[in-house]
Amino acid sequence: MKDKQYLLIPGPTPVPPTVFAAMSRPMFGHRSDDFAKMHKGIVEKMQKVFQTKNEVFVLTSSGTGAMEAAVSNVIKPGDKVLTLNGGKFGERWTKMAAKYGAVVDEYKYRWGSAADLKVIEEKLNSEPDYVAVFATHNETSTAVTNDIAGMGALVAKHKALLIVDTVSSLGAIEFKTDEWNVDIAATGSQKALMLPPGLGAITVSEKAWKVVEENKTPKFYFDLNACKKNIAKWNTPYTPNVTLFVGLDAALDMIMEEGLENVYARHTLLANGVRAAAKALGLELLADEGCRSDAVTAVLSPEGISAEDIRKVLKNDYQITFAGGQDDLKGKIFRIAHMGFADKMDMIIAIGALEMALAKVGYPVQLGQGVKALQEVFLGRN
Ligand SMILES: *Cc1c(COP(=O)(O)O)cnc(C)c1O
C-alpha cells in the first residue's frame, strides 16, 4: 500500500483535492481578461490573509524567491542591517543580506527560543542607521513563533524597514501586516496556503516603496517596480505559473469559506493536541513555553534514541513522514507539521503511529496515552 502516504512535514504540505481539481483547468493566456480577473481576485484575497491595504505581488518562485525580492529591492552595498537568527530561516536572511553587500549585524538567539525584544530595542537605539531589520514570524526549523507585533512597534520608531519571513505562518497563524507595522512580508505557497511549491508572495508598505524606488542595485526578475507597473492592469512582468495561480485562487476560496478566525483556531487546536500528546508520552518539546508554534511542533527525541530512527520506522512501517532536525538538531528532534490542509484525524494518525514507532525503537511507551490526550483536547475536555 505504498500509495497511502501521510505527509506531515512543514512543506510541501498536502494539497486539497479541490485545489488539484481546480488546477486541471485547461491552460489559458496570462495576458487574457480571464487571467486579469482571477489575478485581481487573488490579490484581494491575499490582502485579507496578510491583513494589509498594501500591494501584494504573487511571484513565480519558491518562498526564498520572495525573500530575495525583499533583499534585492531594499539593500544597497554597504547598508547596515539587523538580522534575527534563531534557526535555519533566520540564518538565511543573514546569508542573503550579506550576499547583497549589506553590513550585517546578526542577533543570534538560542534555537528553541524567540527573539528578545529588549535586545532588538537596544540595538535599534544604538544603531540609528539600520536600513532594515529582518525577522522570521514562524521559525520552522525550531517550531518557534516570534512576536512580530512587538518588533513592529519598536522598528516603526526608526528609519529601518521591518522585513518578515511569513513562509510557514501565513494562513496558519494570524499575521497583521498593517497593524504590526510590517513593511515587507514574504511568503511561499507550499506551507499553510495548501498549494504545491512554486509561488511566493510579497507585500510592500509605503515606507518600503520609498526605499525600493531609490534602490538601483542590479536586479531583473524580482524587480518590484516592474511588478507594480504591471499590476495596474492585473498583469505580471513575465509569464507566471498560471496553473498555480488557479490553485491559489481555489485555496484562498477555501480559506475564505472556512473563515480566517476558524482557520487560526483550527491550527491552535491541532497544536494544543499535539503538545498534550507529547507530554502524555513523556516527551519534551524543543520550543520554550510561550513561543510555541501553532503550525509545527518540534519534539525532542527521548534520551539515547535518535530521532532519525523514529522517523525511519514511521516511514518504512507506516508511510508517515515527519521532518527531522536541521544542523545541530539532526537526530535530536522530529517535527510534526499541522499546517494548511491538516485536521484532527491527521493528528490521531500521526500520534497513533508515533506511539507504535516509539515502542519499536525501545522507548517504554504506554500505548494510547498520546492519542487519548489528543482526543481529550479535541473533545474540549482539556
Ligand atoms: C519553507 C520556508 C522557507 C523557504 O521557502 P522555499 O519555498 O523552500 O524557498 C523560508 N522560510 C521559512 C520560515 C520556511 O518555513
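Going by an unreviewed UniProt entry, the protein carries the name Aminotransferase class V and comes from Desulfofarcimen acetoxidans. Taken from UniProt, the Sequence similarities (unreviewed entry) comment for the protein reads in full: "Belongs to the class-V pyridoxal-phosphate-dependent aminotransferase family."

**Observations regarding the overall build of the protein**
From N to C terminus, the protein includes 13 helices and 13 strands. Over its C-alpha trace the protein gives a radius of gyration of 21 Å, about what one expects of a compact globule, namely 21 Å for 382 residues. Along the first, second and third principal axes, the C-alpha atoms of the protein reach 60 × 55 × 35 Å. Burial analysis of the protein (382 residues in total) assigns 59% to the buried set. At a minimum sequence separation of 6, the contacts of the protein that also span at least 24 residues come to 73%.

**What to know about the pairing of strand β8 (residues 161–165)**
With five of five residues buried, β8 lies mostly within the body of the structure. Of the two faces of β8, both are covered, the one formed by L161, I163 and D165 as well as the one formed by L162 and V164. Both strand β5 (residues 132–136) and β8 contribute to a ladder of five bridges, which runs parallel. By the bridge assignment, T136 is partnered in β8 with D165. Here β8 runs beside strand β9 (residues 184–188); their pairing, made up of three bridges, is parallel. Across the sheet, V164 pairs through a bridge with A185, a residue of β9.

**Details of the UniProt feature "binding site: substrate" (unreviewed entry) in the protein**
In the UniProt entry, the feature "binding site: substrate" (unreviewed entry) is given for R335. Considering the arrangement of structural elements, one finds R335 in strand β13 (residues 333–337). When its relative accessible area of 6% is taken as the criterion, R335 is described as buried. Leaving out residues up to four positions away in the same chain, R335 has contacts with L8, P10, T140, S141, V296, T297, A298, F322, A323, G324 and Q326. One polar contact links the side chain of R335 to the main-chain carbonyl oxygen of T140, over a distance of 2.9 Å.

**Points about the site of the ligand**
Of all residues adjacent to the ligand, which total 13 residues, the nearest are S62, T64, T140, D165 and K191. Within the side chain of S62, one N or O atom sits 2.5 Å away from an oxygen atom of the ligand. Between the ligand and the protein, one listed contact pairs an oxygen atom with a side-chain N or O atom of Q190 at 2.7 Å. Taken by itself the ligand offers 380 Å² of open surface, and the protein chains cover 89% of this. At the level of secondary structure, the elements contributing two or more residues to the shell around the ligand comprise α3 (63–74) and α4 (88–99). Looking at which element gives the most residues to the shell around the ligand, the answer is α3, with three residues.

**Notes on the sheet that holds strand β4 (residues 103–108)**
Across the sheet, seven strands lie side by side as β2-β10-β9-β8-β5-β3-β4; this open sheet has mixed pairing. Edge strands, defined here as strands with exactly one partner in the open sheet, are β2 (55–59) and β4. If you compare each strand with its neighbour and ignore which way they point, the axes differ by 20° on average. Relative to β4, strand β3 (residues 80–85) runs parallel, the two being bridged by six bridges. Looking across to β4, one finds that K80 is bridged to V103. Its contacts with the sheet place α3 against β2, β5, β8, β9 and β10 (200–204), and it is angled at close to 155° to β9. On the sheet, α4 packs against β3, β4, β5 and β8 and is oriented at approximately 160° with respect to β3.

**Examining the side chain of T13**
Along the polypeptide, T13 turns up in the loop between β1 (6–8) and α1 (17–22). Separated by 2.8 Å, the side chain of T13 and the backbone oxygen of K191 make a polar contact. Here T13 is in contact with L7, Q190, K191, M194 and M339, once residues within four sequence places are set aside.

**Digging into the packing of aromatic side chains**
Counted under the stated rule, the structure contains nine aromatic pairs. Seen from their ring centres, W93 and F134 are 4.9 Å apart, and the 40° between their planes marks the pair as tilted. Here W93, found in helix α4, pairs with F134, found in strand β5; they are 41 residues apart in sequence, far enough to count as distant. Both residues of the pair, W93 and F134, count as buried. Each ring, one from F220 and one from Y238, has its centre 5.7 Å from the other, and the planes form 25°; the classification is stacked. Of this pair, F220 sits in the loop between α7 (206–214) and α8 (224–231) while Y238 sits in the loop between α8 and α9 (242–258), and the two are 18 residues apart along the sequence. Exposure remark for F220: the relative accessible area of 61% places this residue in the exposed category. Three or more aromatic residues link up through ring pairs in this structure, and these residues are F220, Y221, F222 and Y238. In this structure, R25 packs its charged tip against the face of F28, placed 3.8 Å from the ring centre. Directly above the ring of W209 sits K228, whose terminal nitrogen or CZ lies 4.2 Å from the centroid.

**Some thoughts on unusual backbone geometry**
A cis geometry characterises the amide bond from G11 onward to P12, with omega recorded as -10°. Of note, P12 is situated in the loop between β1 and α1. Positive phi, normally seen in glycine, also occurs at Q51, with a value near 50°. You can see Q51 is positioned in the loop between α2 (33–50) and β2. With a relative accessible area of 26%, Q51 lands in the partly exposed category. The residue W234 is not glycine, and still its phi comes out positive at about 55°. Its location among the elements puts W234 in the loop between α8 and α9.

Cut-off values and rules
- Residues numbered from 1 in each chain as written.
- Predicted model: local features only at pLDDT ≥ 70, side-chain atom pairs only at ≥ 80, totals over all residues.
- Heavy atoms only, no water.
- UniProt positions renumbered as here; feature names shortened; annotations may be inferred.
- Helix = DSSP H or I, 4+ residues; strand = E, 2+ residues; numbered from the N terminus.
- Rg over C-alpha atoms; globule rule 2.2 N^0.38 Å.
- Buried < 20%, exposed > 50% of the residue type's maximum accessible area, 1.4 Å probe, protein only.
- Contact = heavy atoms within 4.5 Å.
- Pairing = 2+ DSSP bridges.
- Polar contact = N/O pair within 3.5 Å; in protein donor to acceptor, adjacent residues only side chain to side chain.
- Near = heavy atom within 4 Å.
- Areas by Shrake-Rupley, 256 points an atom, 1.4 Å probe, with all protein chains shown as cover.
- Axes fitted to C-alpha atoms, helices over the stretch in contact; angles between N-to-C directions.
- Phe/Tyr/Trp six-rings, centres within 6.5 Å; stacked < 30°, edge-to-face > 60°.
- Lys NZ or Arg CZ within 6 Å of the ring centre and 35° of its normal.

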